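Residue-level listing of the chains:
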Amino acid sequence: MTSQRFDTVWEALADTPVEAKVMRMRSELMTDIAAFIKARGLTQVQASEFLGITQPRVSDLLRGKLGKFNLETLIALSERTGQRIDLQKSRAA
């Protein structure tokens, strides 16, 4: 049996390096949105009204259900919390 080593948990879970990057970005955005909700002491109902999503979606977000949110949705929710999201790119060396 051979063991594999990965630099990040996302590389271990993803099938491709690109998928790992997207998963990492989604996770970071979800963490930031959850921190915003907690810092303001919002209930799930209050957070759902603020973010414009249903309470069950807020529950999914707070429980870290990464597969239920695409990157576009998380960017939009992050913007609603006052974060400015900018995409940067560079050529690989």
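Before reading on, note that the structure itself is shown above.
The rules behind the values
- Residues numbered from 1 in each chain as written.
- Predicted model: local features only at pLDDT ≥ 70, side-chain atom pairs only at ≥ 80, totals over all residues.
- Heavy atoms only, no water.
- Axes fitted to C-alpha atoms, helices over the stretch in contact; angles between N-to-C directions.
- Helix = DSSP H or I, 4+ residues; strand = E, 2+ residues; numbered from the N terminus.
- Parallel < 35°, antiparallel > 145°, perpendicular 65-115°, else oblique.
- Contact = heavy atoms within 4.5 Å.
- Nonpolar A, V, L, I, M, F, W, Y, C, P; charged D, E, K, R; others polar.
- Core = buried A, V, L, I, M, F, W, Y, C linked by side-chain atoms within 4.5 Å.
- Buried < 20%, exposed > 50% of the residue type's maximum accessible area, 1.4 Å probe, protein only.

(A) Main features of the packing of helix 3 (residues 44-51) against helix 4 (residues 55-62). Across the interface, helix 3 lies against helix 4 with an axial gap of 8 Å and an inter-helix angle of 105°. With respect to their mutual orientation, helix 3 and helix 4 come out roughly perpendicular. Side by side, helix 3 and helix 4 meet where Gln 44, Val 45, Ala 47 and Ser 48 of the first sit next to Gln 55, Val 58, Ser 59 and Leu 62 of the second. In the contact of helix 3 with helix 4, the residues fall into four nonpolar, four polar and no charged.

(B) A look at the nonpolar core. Counting 16 residues, the largest nonpolar core has Ile 33, Ile 37, Leu 61, Leu 74 and Leu 77 as its most contacted members. Among the secondary structure elements, those contributing two or more residues to this core are helix 2 (17-39), helix 3, helix 4 and helix 5 (71-80). If one sorts the elements of this core by residue count, helix 2 sits on top with seven residues. Contacts of Ile 37, omitting those with residues within four sequence positions, involve Leu 42, Ala 47, Leu 51, Val 58 and Leu 62.

(C) View of the environment of Leu 29. Along the chain, the position of Leu 29 falls in helix 2. Overall, the relative accessible area of 9% leaves Leu 29 in the buried class. Taking C-alpha positions, Leu 29 is 10.0 Å from Thr 73, a pair spaced 44 residues apart along the chain.

Treat this as a map of the structure, not an account of what it does.
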